[in-house]
Structure formats: structure tokens, C-alpha cells
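Now for the letters of each chain:
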Amino acid sequence: MSRPATFVPPPGTRAYRLATARGEFAVIEAGSPEKGTALLLPGFTGSKEDFISLHEPLAAAGYRTVAADGRGQYESPGPTDDETPYAQAELAQDVLAQIDALTDALTGGPQERVHLVGHSFGGQVARAAVLLDPSRFRSLTLMSSGPAEISPSQQQRVKLLRDALAVMDMGQVWEAIQALEPPEDAEGDLDAGLDAQDDLKRRWLGNSPAQLIAAGRQLCEEPDRVAELAAVGLPVHVLSGERDDTWPVPLLDDMAVRLDAHRTIVGGAEHSPNSDRPRETAEALGAFWDRVG
């Protein structure tokens, strides 16, 4: 479970509900589109707050950044007992609708192309959106998001979660997760303070069980679509920490080669470089976007 530095939008950001043709989505926005707009998609069990420390440095670099909760994720509404709206193709359509809503206000029509960033599961959704309509994007950054399904060990963890959601409510599953946390994680939570733990619990309870079950299934069954993405010809950035047990780093290295992508490894970071090393991650994103133009 990702642990953002804070759930309080920092100065210079704006939290609001983005109205689109496919419903409302909770977003945090910062900066002005001097150089362009970037849409940031969080991962499994995560939220828009996972990018909260990236907004300020990227705004200073001249970019407008918008981080969005997906359908049924934390503060974006979604059905709790129907998985149909959470099919990958539906989530990809949501991304295109978000771009339309974000760019219409600037251009009078959906002409602006945006930089797209997807973390982990968000990377799978981002890839699907690019494959659906590549003309809407200036670049794609796959952050700690691999070519196909997650590692076997992570598949086991996701299966446990899906099995638990089938027989327990969200509050009961939260308590079970806390009981199973390894000591070092529990110690980290205590260091972060009780307020942070309350925020994490509130985020967990805000998620739709159907969304979590559908996303978990997709993580475990995603096919390798690297060749399809490479054929699009869009500038791609593969960014990760130096350690990752969801998609091993050598697998991400190989994917970058297959995509002829720009590759960044953020030192001292693991599966969430956006939270582990936000300043270095923001610098890498800004440098890539500057290069793409």
C-alpha cells in the first residue's frame, strides 16, 4: 500500500471534482500549462495523493499537473458491487474523458495533447488509453509498471485480498491487513503518526470493493502489449526505483529496450519513487517532458 507524505493538498494546488462526459473524478491540480499539461494516474489501492509531492517542483518547471482518482478509487464515485464499469477499456475511456475536460477549458476543444503518467496499475490503464487513441498524448511515462502481469509473489497477495473481499466488508479487510503487516511496516506507520494511519484507513474505506477486485484481476491477467505500444511511436519513459518486487527491475529494463524508451532508475526508491524520492522523480519527469517538447 502506497504511503503519500500527506493527504493535505500543499500550497499552490487545488483539489476539486473534475466534471467529464463520463462522470466526476476527484483531482488535485497545480501549475499552469506554460510547457504543457500532465495527467497522473495512481496505482492499485493508491490515490491521487500518491503524487502530492510532485506538483510543486513540476509547477516550478512550467508544467500543469493533474492527479486523478480513477472510477471507484478513494474520492471518485463508482459502483460497489458491479465490476463492469472497471473493465480496462472502460477505465481507458475515462482517461480520454478526463483529458477532454481538462483541455476544453484551455483550447475551446479537445486539441491539446497531454503527457500521461501511470504508476503501477495506473500504467496499465495509461497504456490502454494510449492504444485506444494515441493522438491525444505527447508522451507516456510508465512508472513502476511492467509489460504484463505482476510477479507471482504479488499475484498471491492480490488473490488473498480478492478472497477476503468476497467474504468481508472493507473495514474487516482493513483490520486483517493491519494484523498481517510485517513489523518494519508497522513501525513505519507509527513513525508517520496516528493521523497518517487514519488517512490511510479513510482512503481504504473510500475504495469500491468491485473496483479493487476488478483491478486485482487485471494485474494478474494483463497480457504483454509492449509490441502494440512500440508500434504507436509515442515517446515513452520507463521510470522505476532501484528495487521492485511487483515487476523486477531487469524486466522493466528489458521493456524499455523493446520500447526504445527513455529509462530512469531513481536511486533509493522502491515501487513508489513518486513517494520515496519525489524530488528526483519530478526532475526526471520534467527533463523527459522538456526533451519531448
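The written sequence of each chain sets the order in which its residues are numbered from 1. The model is predicted, so local features are restricted to residues of pLDDT at least 70 and side-chain atom pairs to those at 80 or more, both for listing and for counting; the totals for chains, interfaces and linings are taken over all residues. By convention in this description, side-chain values take in all heavy atoms of the structure and omit both hydrogens and water.

## Remarks on the pairing of strand S7 (residues 236-241)
Each residue is placed in one exposure class: buried if its accessible area under a 1.4 Å probe, protein chains only, is under 20% of its type's maximum, exposed if it is over 50%, and partly exposed if it falls in between. Runs of H or I in DSSP of at least four residues are treated as helices and runs of E of at least two as strands, each being numbered from the N terminus. Summarising burial for S7: six of the six residues are buried, a large majority. Burial along S7 is two-sided: Val236, Val238 and Ser240 facing one way and His237, Leu239 and Gly241 facing the other are all buried. Bridge count for strand S6 (residues 137-143) against S7 is four bridges, and the pairing is parallel. Each bridged residue has a counterpart across the sheet, and for leucine 140 the counterpart in S7 is valine 236. At least two DSSP bridges between two strands are needed for those strands to be called paired. Both S7 and strand S8 (residues 262-266) contribute to a ladder of five bridges, which runs parallel. Its bridge partner being in S8, serine 240 is matched across the sheet by isoleucine 265. The crossover handedness rule: strands pointing away from the viewer, path from first strand over the helix to second strand clockwise, crossover right-handed. A crossover links S7 with its parallel partner S8, the connecting element being helix H10 (residues 249-259), and its sense is right-handed.

## A word on the side chain of arginine 127
Here arginine 127 is to be found in helix H3 (residues 121-132). Within polar-contact distance, the side chain of arginine 127 engages the backbone oxygen of proline 147 at 3.0 Å. Non-local contacts of arginine 127, meaning those with residues more than four positions away in its chain, are made with Leu140, Gly146, Pro147, Glu222, Pro223, Arg225, Val226 and Leu229. For this analysis, a polar contact is any N or O atom pair within 3.5 Å, provided that within protein one partner can donate a hydrogen and the other can accept it, and provided that sequence-adjacent residues contribute only side-chain to side-chain pairs. It only takes one pair of heavy atoms within 4.5 Å for two residues to be counted as in contact.

## Section: the environment of arginine 138
With respect to the helices, strands and loops of the structure, arginine 138 is situated in strand S6. As for arginine 138 and threonine 6, which are separated by 132 residues in sequence, their C-alpha atoms are 30 Å apart. When residues no more than four places from it in sequence are discounted, the contact partners of arginine 138 are Lys35, Gly36, Arg113, Val114, His115, Leu234, Pro235, Val292 and Gly293. At 2.5 Å, the side chain of arginine 138 forms a polar contact with the backbone oxygen of glycine 293.

## So, the nonpolar core
Residues belong to one nonpolar core when they are buried, are Ala, Val, Leu, Ile, Met, Phe, Trp, Tyr or Cys, and are joined through side-chain atoms within 4.5 Å. Counting residues in each nonpolar core, the largest one holds 56 residues, and the members touching the most others are Leu39, Val95, Leu116, Phe137 and Leu259. Sort the elements by how many residues they give to this core and helix H8 (residues 209-221) lands first, with seven residues. Discounting chain neighbours no more than four positions away, the residues touching leucine 116 are Leu39, Leu41, Val95, Ala126, Ala129, Val130, Phe137, Ser139, Leu140 and Thr141. The next biggest cluster of nonpolar side chains, apart from the first, holds 17 residues, and it includes Leu58, Val117, Val266 and Ala282.

## Thoughts on the pattern of salt bridges
We define a salt bridge as a side-chain nitrogen of Lys or Arg found within 4 Å of a carboxyl oxygen belonging to Asp or Glu. One pass over the structure, following the stated rule, counts 21 salt bridges. Note that aspartate 100 and arginine 136 form a salt bridge whose closest N and O atoms lie 2.6 Å from each other. Within this pair, whereas aspartate 100 is found in helix H2 (residues 88-107), its partner arginine 136 is found in the loop between H3 and S6, the two being separated by 36 residues in sequence. For aspartate 100, a relative accessible area of 27% puts it in the partly exposed group. With relative accessibility at 9%, the residue arginine 136 sits in the buried group. As a salt-bridge pair, aspartate 253 and arginine 263 come within 2.9 Å of each other at their nearest N and O atoms. Here the residue aspartate 253 occupies a position in helix H10, and arginine 263 occupies one in strand S8, the gap between them amounting to 10 residues. Look at arginine 263 and you get partly exposed, because its relative accessible area is 22%. Members of the salt-bridge network, linked through shared partners, are Arg22, Arg71, Glu90 and Asp94.

## Structural notes on the packing of aromatic side chains
Two aromatic rings from Phe, Tyr or Trp, using only the six-membered ring of Trp, form a pair when their centres are within 6.5 Å; if the ring planes differ by under 30 degrees the pair is stacked, by over 60 it is edge-to-face, and anything between is tilted. Summed over the entire model, instances satisfying the criterion amount to two aromatic pairs. When the centroid spacing of 6.1 Å and the interplanar angle of 85 degrees are considered together, the rings of phenylalanine 7 and tyrosine 74 count as edge-to-face. Of this pair, phenylalanine 7 sits in the segment before strand S1 (13-20) while tyrosine 74 sits in the loop between strand S4 (63-68) and H2, and the two are 67 residues apart along the sequence. For the pair shown, phenylalanine 7 and tyrosine 74 are each scored as buried. Taking the centre distance of 5.0 Å and the plane angle of 65 degrees together, the rings of tyrosine 63 and tryptophan 289 count as edge-to-face. In this pair, tyrosine 63 is assigned in strand S4 and tryptophan 289 in helix H12 (residues 278-292), connecting sequence segments 226 residues apart.

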